[in-house]
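Here's the letter readout for the chains.
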Amino acid sequence: VQLQASGGGLVQVGGSLRLSCVASGSNFSIAGMTWYREPPGKGRDMVAAITSGGSTNYADSVKGRFIISRDYAKNTMYLQVNSLKLEDTASYYCNAEIGYRGTWSDNYWGHGTLVTVSS
């Protein structure tokens, strides 16, 4: 099972992007999914999370600006990032709790997709 993140790019302050994270493979199930981000030279922090039931949770710094969603049929998670600020510049990573061959693990990560916000 693999996660693939995409959608990053260069955007001006106040702009928007939509990030995607697709889970691929066979015979797996997904519980919670989470977006993290890692600014240059800093640690990785949770940005937004969504449960299998659709409940969401956001970091205070992005509340009201970012929207997390899922397309369960496509095994895809999205992050709509709006009103971008310079401090949103980071590599964005997706994470999922996946059940595969009878074992559940939350150690599934996609490669980062870089969001760069310019003034």
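Residues numbered from 1 in each chain as written. Predicted model: local features only at pLDDT ≥ 70, side-chain atom pairs only at ≥ 80, totals over all residues. Heavy atoms only, no water.

This part is about the overall build of the protein chain. Each helix and strand counted, the protein chain has 0 helices and 11 strands in total. For the protein chain, the succession of helices and strands along the chain, N to C, is β-β-β-β-β-β-β-β-β-β-β. In terms of overall size, the protein chain behaves like a compact globule, its C-alpha atoms giving a radius of gyration of 14 Å where 119 residues would be expected to give roughly 14 Å. Over its C-alpha atoms, taken along the principal directions, the protein chain stretches across nearly 50 × 25 × 20 Å. Within the protein chain, the fraction of its 119 residues that count as buried is 41%. Taking as baseline every contact in the protein chain between residues at least 6 positions apart, the subset at least 24 positions apart corresponds to 53%. With the model as given, the accessible surface of the protein chain reaches about 6300 Å², and the carbon-plus-sulfur share is 45%. Positive and negative side-chain charges of the protein chain, numbering 10 and 8 respectively, have mean locations separated by a distance of 5 Å. (Helix = DSSP H or I, 4+ residues; strand = E, 2+ residues; numbered from the N terminus. Rg over C-alpha atoms; globule rule 2.2 N^0.38 Å. Buried < 20%, exposed > 50% of the residue type's maximum accessible area, 1.4 Å probe, protein only. Contact = heavy atoms within 4.5 Å. Areas by Shrake-Rupley, 256 points an atom, 1.4 Å probe, with all protein chains shown as cover. Lys, Arg positive; Asp, Glu negative; His and termini not counted. Charge placed at Lys NZ, Arg CZ, Asp CG, Glu CD.)

Next up on the list: the pairing of strand β10 (residues 103-109). Note that strand β9 (residues 90-100) and β10 share 5 bridges and pair antiparallel. Bridge assignment links Ile-98 to a residue of β10, and that residue is Ser-105. In textbook terms, the turn of a hairpin is the stretch between consecutive antiparallel strands, and for β9 and β10 this stretch comprises 2 residues, one of which, Arg-101, has a positive phi near 55°. (Pairing = 2+ DSSP bridges.)

A separate point is the sheet that holds strand β8 (residues 76-81). With respect to topology, 4 strands assemble into an open sheet ordered β1-β3-β8-β7, the strand pairing being antiparallel. For this open sheet the edge positions go to β1 (2-6) and β7 (66-71), each flanked by a neighbour on one side alone. Averaged over neighbouring strand pairs, the angle between their axes works out to 15° when direction is ignored. Of the pairings in the sheet, the one linking β1 to strand β3 (residues 17-24) comprises 5 bridges and is antiparallel in character. Looking across to β3, one finds that Leu-3 is bridged to Ala-23. (Axes fitted to C-alpha atoms, helices over the stretch in contact; angles between N-to-C directions.)

Bringing the nonpolar core into the picture now. Generally speaking, nonpolar side chains in soluble globular proteins are found buried as a group. Core analysis: the largest hydrophobic core is formed by 31 residues, its most contacted members being Trp-35, Leu-79 and Tyr-92. Sorting the residues of this core by element identifies β1, β3, β4 (28-38), β5 (45-50), β7, β8, β9 and β11 (113-118) as the ones contributing at least two each. Among the elements that make up this core, the one with the highest residue count is β9 (5 residues). Not counting chain neighbours up to four residues away, the residues in contact with Leu-79 comprise Leu-17, Arg-18, Leu-19, Trp-35, Val-47, Ala-48, Phe-66, Ile-67, Ile-68 and Tyr-92. (Core = buried A, V, L, I, M, F, W, Y, C linked by side-chain atoms within 4.5 Å.)

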